[in-house]
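In case you want the letters, here they are:
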Amino acid sequence: MDKIQQLMGCLMYFNRLESSPYAELFSPLQWTEVAMLFARDYLNSHDQPFESPLKNVLDCAVKALPSLLKARKILKRKSPWMKNELLPVEVDLGSDSQYHSIFTCPVLRVESTEKNPPMILPCGHVLSRESLSKLPPSPHPGHGSESVQCPYCSS
């Protein structure tokens, strides 16, 4: 309400706004902020990103690279995963970097479908149903006959 009163008061100084007590309302900084808010709202209403896609990719890379380099260094010594240059690690990029909820199986590298839905293993890792059918049975005692060995944590 205070801002509306200020805007109404500035109408009295229409011809001499630069010397009025309301001059800061029309500073270039205020106009830049208002233009950004309008642009953000317009793009949001049309389901378009405000940030450039290239900036989003670079931000994600900056967040993920340290974790990926560390995982690669650890796995290089003792894992067969390095044969195909894929790293079986999950990197949390934060909620601001989640754009869709399409699950892609990390084993088969295919998107999930109704016929091939994501399935969660007892250890918490998620794979597609099709990849679960291709995994070897779990060698651990106490697991049911339908249990499979997780390709990530071997549980």
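How each quantity is defined
- Residues numbered from 1 in each chain as written.
- Predicted model: local features only at pLDDT ≥ 70, side-chain atom pairs only at ≥ 80, totals over all residues.
- Heavy atoms only, no water.
- Helix = DSSP H or I, 4+ residues; strand = E, 2+ residues; numbered from the N terminus.
- Buried < 20%, exposed > 50% of the residue type's maximum accessible area, 1.4 Å probe, protein only.
- Contact = heavy atoms within 4.5 Å.
- Areas by Shrake-Rupley, 256 points an atom, 1.4 Å probe, with all protein chains shown as cover.
- Patch = residues over 30% accessible without salt bridge, like charges linked within 9 Å, V, L, I, M, F, W, Y side chains within 5 Å.
- Salt bridge = Lys/Arg side-chain N within 4 Å of Asp/Glu carboxyl O.
- pLDDT = per-residue confidence, 0-100.
- Phe/Tyr/Trp six-rings, centres within 6.5 Å; stacked < 30°, edge-to-face > 60°.
- Lys NZ or Arg CZ within 6 Å of the ring centre and 35° of its normal.

**Some words on the overall build of the chain**
Next, step 1: When you go through the chain residue by residue, the secondary structure sums to 4 helices and 2 strands.
Next, step 2: In the chain, the succession of helices and strands from N to C terminus is α-α-α-β-β-α.
Next, step 3: Counting across all 155 residues of the chain, residues that qualify as buried make up 17%.
Next, step 4: Of the contacts made within the chain by residues no fewer than 6 positions apart, 25% connect residues no fewer than 24 positions apart.
Next, step 5: As displayed, the chain has an accessible area near 12,400 Å², and 60% of this comes from carbon and sulfur atoms.

**Quick word on a nonpolar patch on the surface**
Next, step 1: Together, Leu7, Phe26, Trp31, Val34 and Phe38 line one region of the surface with nonpolar side chains, adding up to about 510 Å² of accessible area.
Next, step 2: Considering each element in turn, the nonpolar patch owes the most residues, 3 residues, to helix H2 (residues 28-45).
Next, step 3: Within the secondary structure, valine 34 is located in helix H2.
Next, step 4: With relative accessibility at 32%, the residue valine 34 sits in the partly exposed group.

**Quick notes on the confidence of the model for the chain**
Next, step 1: Residues of the chain with pLDDT of at least 70 account for 83%, and the chain-wide mean is 78.
Next, step 2: Looking over the chain, one finds the lowest element-wise mean pLDDT in helix H1 (residues 2-10), namely 78, and the highest in strand S2 (residues 126-128), namely 89.

**Focus on the environment of proline 106**
Next, step 1: With respect to the secondary-structure elements, proline 106 resides in the loop between helix H3 (53-78) and strand S1 (118-120).
Next, step 2: As for proline 106 and serine 131, which are separated by 25 residues in sequence, their C-alpha atoms are 9.2 Å apart.
Next, step 3: Residue contacts for proline 106: discarding those within four places in its chain leaves Val126, Leu127 and Tyr152.

**A few points about the packing of aromatic side chains**
Next, step 1: Tallying each qualifying case throughout the model produces 0 aromatic pairs.
Next, step 2: Geometry around phenylalanine 50 places arginine 40 over its ring, the cationic atom sitting 4.1 Å from the centre.

**With respect to the pattern of salt bridges**
Next, step 1: By the definition in use, this model includes 3 salt bridges.
Next, step 2: We note a salt bridge from lysine 55 to glutamate 51, for which the minimum N-O separation is 3.9 Å.
Next, step 3: With a relative accessible area of 31%, glutamate 51 lands in the partly exposed category.
Next, step 4: Its salt-bridge partner being glutamate 130, residue lysine 134 comes within 3.6 Å of it at the nearest N-O pair. You can see lysine 134 and its partner glutamate 130 sitting in helix H4 (residues 129-134), 4 residues apart, about one turn around the helix.
Next, step 5: Through salt bridges with shared partners, a single ionic network connects Glu51, Lys55 and Asp59.

**Structural notes on the environment of serine 97**
Next, step 1: Position of serine 97 among the secondary structure elements: in the loop between H3 and S1.
Next, step 2: Expressed as a C-alpha distance, the spacing of serine 97 and aspartate 59, which sit 38 residues apart in the sequence, is 8.8 Å.
Next, step 3: The contact partners of serine 97, leaving out residues within four places of it in the chain, are Cys60 and Lys63.

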